[in-house]
Amino acid sequence: MKIFWSSFIKIFFYMLMRPMWLLLLLSVSLMSLVYINGTITNLPVAIVDQDHTATSRSLIRSLNTSSKIEAITYENSLQAYDDINNRKLFAVFTIPRNFEKKILNGEEVTIPAYGDASSRLANGLIQVDIRGIYQQILTQYNTRIMRNAGFADKQIDIILSPIKGQTEPLYNAGISFAAITFPGLLVMLLQHSFLIAATRTNITLNSLPQGKPPKIVIFGSLFGLLPIWLFLSIVLFGLWPWVLGYRQLASLTEILIMTFPLLLGALGLSKLLTECLRKTEMIYLTLAFLTTPVFYLSGTIWPIDAMPHWVQFVSYLLPSTWATNMIAGVNQMGLGLADNWHNILMILLLGAIYSIMGILIAALREGRIRKFFRKRKAKIQFKRQLI
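Residues numbered from 1 in each chain as written. Predicted model: local features only at pLDDT ≥ 70, side-chain atom pairs only at ≥ 80, totals over all residues. Heavy atoms only, no water.

Caption draft 1: Representation of the overall build of the chain in the model. Helix and strand counts for the chain come out as 17 helices and 4 strands. By the burial criterion, 42% of the 387 residues in the chain qualify as buried. As displayed, the chain offers around 22,500 Å² of accessible surface, 63% of which is attributable to carbon and sulfur atoms. (Helix = DSSP H or I, 4+ residues; strand = E, 2+ residues; numbered from the N terminus. Buried < 20%, exposed > 50% of the residue type's maximum accessible area, 1.4 Å probe, protein only. Areas by Shrake-Rupley, 256 points an atom, 1.4 Å probe, with all protein chains shown as cover.)

This is the structure in structure tokens:
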């Protein structure tokens, strides 16, 4: 035990003296500060009013009330199209002539709209707002027509809104697309940085000039990395969401309980990577290209159930996939740790499997498996001779 703690303290203070792991915090800051406003606001949109009626002006006022749209009135469509081509606008909407007249007569109205589809998120938000505002205006006019025809307010409400929808905000309620991607991003960065540190420590210890150290020294050195990354988990999953104003429900104790299995699972994976890579420079030539695929496979951007079955299989082999599901559930959906034991067990199981695979590969490379079967065969032959 004394050797274990000696190795633990040595690596721990070595990491403190060379805090390259702080680059992880810098990386997270640079990536997440672009979303510090919480949501996309004031997207410039051109409005060309060809109707010049009370209804068209009401539509423009409604557009101006949207926090996502900044309506800019243009006199002609050509100038608006020129500005959208120059990337000064995100969309151009033209209110056609006889817009009010057609609505009052119950006729179909088409509003020509041209959007910059190269920004899919902004384009989608604009479409949702425009449809909602147009539906609101249409409902108001239909209500007025039906009231003038003698319908009661209750009858109008039943006819226009026969089904009342109700939504419950569960995942990053009321925030933005950034908050939805945030848990997966942080888990991926935490796992990736810890894998690099653990694999590098493993390879360095296994290639010392004086020979491979005892296993207790290797265990102590690897466990010496844990306090650093547990501290990083508190910053990433506790402090940083609070700074950005994202939903934050988990306590520091829950964050540590969730992160510790992830780090243990990553330790097991680092053992397998150590035996596969064998050289320090191979870490940076391979793991650097796996960061983005791991993020996409976590289910943050694209639902895992919508992936092909073989891709789902690969996704479930990554500890970060289970960790993302667990941390998002506890930290932002209000679930308890009791609801996530299966995630914790799967992370630990994957870590154990990867550790065993790494040990078997090392034993096969060093010839220990062949020696084991030779000794076993010799014992069996010896027993037969005695008989």
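Caption draft 2: How the structure looks around helix α11 (residues 252-277). Between its terminal C-alpha atoms α11 stretches 35 Å, which fits the 38 Å expected from 26 residues at 1.5 Å a residue. Directly after α11, the chain includes Arg278, whose backbone phi takes a positive value near 70 degrees. (Expected span 1.5 Å × (residues − 1).)

Caption draft 3: Looking closely at the packing of helix α10 (residues 226-244) against α11. Across the interface, α10 lies against α11 with an axial gap of 9 Å and an inter-helix angle of 130 degrees. Of the possible angle classes, the one that applies to α10 and α11 is oblique. Crossing of α10 over α11 shows right-handed handedness. Mapping the contact onto sequence places Leu226, Trp229, Leu230, Ser233, Ile234, Phe237 and Gly238 in α10 and Leu252, Ile255, Leu256, Thr259, Phe260, Leu263 and Leu267 in α11. (Axes fitted to C-alpha atoms, helices over the stretch in contact; angles between N-to-C directions. Parallel < 35°, antiparallel > 145°, perpendicular 65-115°, else oblique. Left-handed = near helix turned anticlockwise from the far one by under 90°. Contact = heavy atoms within 4.5 Å.)

Caption draft 4: Examining helix α4 (residues 77-85) more closely. Of all the residues in α4, the buried ones are Ser77, Ala80, Asp83 and Ile84. Projected onto a plane normal to the axis of α4, the buried residues spread over an arc of 125 degrees and lie on a single side. Turned more than 90 degrees away from the buried face of α4 sit Leu78 and Asn85, all of them exposed. On the buried face of α4, the contacting elements are β1 (43-49), β2 (69-74), β3 (91-95) and β4 (113-115). Structurally, the start of α4 carries an N-cap: the backbone nitrogen of Leu78 is 3.3 Å from a side-chain oxygen of Asn76. (Arc of directions from axis to C-beta. Polar contact = N/O pair within 3.5 Å; in protein donor to acceptor, adjacent residues only side chain to side chain.)

Caption draft 5: Structural detail: the packing of aromatic side chains. Tallying each qualifying case throughout the model produces 7 aromatic pairs. For the ring pair Phe4 and Phe223, a centre distance of 5.9 Å and an interplane angle of 55 degrees mean the geometry is tilted. One end of the pair, Phe4, is in helix α1 (residues 2-17); the other, Phe223, is in helix α9 (residues 215-223), with 219 residues separating them in the sequence. Looking at Phe223, the relative accessible area reads 29%, which means it is partly exposed. An aromatic cluster of three or more residues is present, and its members are Phe4, Trp5, Phe8 and Phe223. (Phe/Tyr/Trp six-rings, centres within 6.5 Å; stacked < 30°, edge-to-face > 60°.)

Caption draft 6: Broad picture of the sheet that holds β4. Spatial ordering of the open sheet is given by β2-β1-β3-β4, a layout of 4 strands whose pairing is mixed. Edge strands, defined here as strands with exactly one partner in the open sheet, are β2 and β4. Ignoring which end each strand starts from, the neighbouring axes of this sheet average 20 degrees apart. Across 3 bridges, the pairing between β3 and β4 is antiparallel. Opposite Phe93, over in β4, you have Ala113 as the bridge partner. Here helix α3 (residues 54-65) sits on the sheet in contact with β1, β2 and β3, set at roughly 175 degrees to β1. Contacting β1, β2, β3 and β4, α4 crosses the sheet at an angle of about 165 degrees to β3. (Pairing = 2+ DSSP bridges.)

Caption draft 7: Main features of the confidence of the model for the chain. For the chain, mean pLDDT is 79; residues scoring 70 or higher make up 87% of the total. When pLDDT is averaged over each element of the chain, helix α14 (residues 309-316) comes out on top at 90 and helix α17 (residues 368-386) at the bottom at 67. Contacts for the low-pLDDT stretch residues 171-175, under 50 throughout, to residues beyond four places or in other chains number 13 contacts. (pLDDT = per-residue confidence, 0-100.)

Caption draft 8: Region of interest: the environment of Trp240. In this structure, Trp240 sits in helix α10. Here Trp240 falls in the buried class, since its relative accessible area comes to 16%. Along the chain, Trp240 and Leu25 lie 215 residues apart, while their C-alpha atoms are 9.4 Å from each other.

Caption draft 9: Expanded view of the pairing of β2. Bridge count for β1 against β2 is 6 bridges, and the pairing is parallel. Note on β2: the bridge partner recorded for Val45 is Ala71. The β-α-β motif built from β1, the intervening α3 and the parallel element β2 has right-handed crossover chirality. (Right-handed = clockwise from strand over helix to strand, strands pointing away.)

Caption draft 10: A look at the environment of Gly268. Here Gly268 shows up in helix α11. For Gly268, a relative accessible area of 1% gives the class buried. For Gly268 and Ile356, which are 88 residues apart along the polypeptide, the C-alpha to C-alpha distance reads 8.1 Å. In this structure, Gly268 is in contact with Gly351, Tyr354 and Ser355, ignoring residues within four places of it in sequence.

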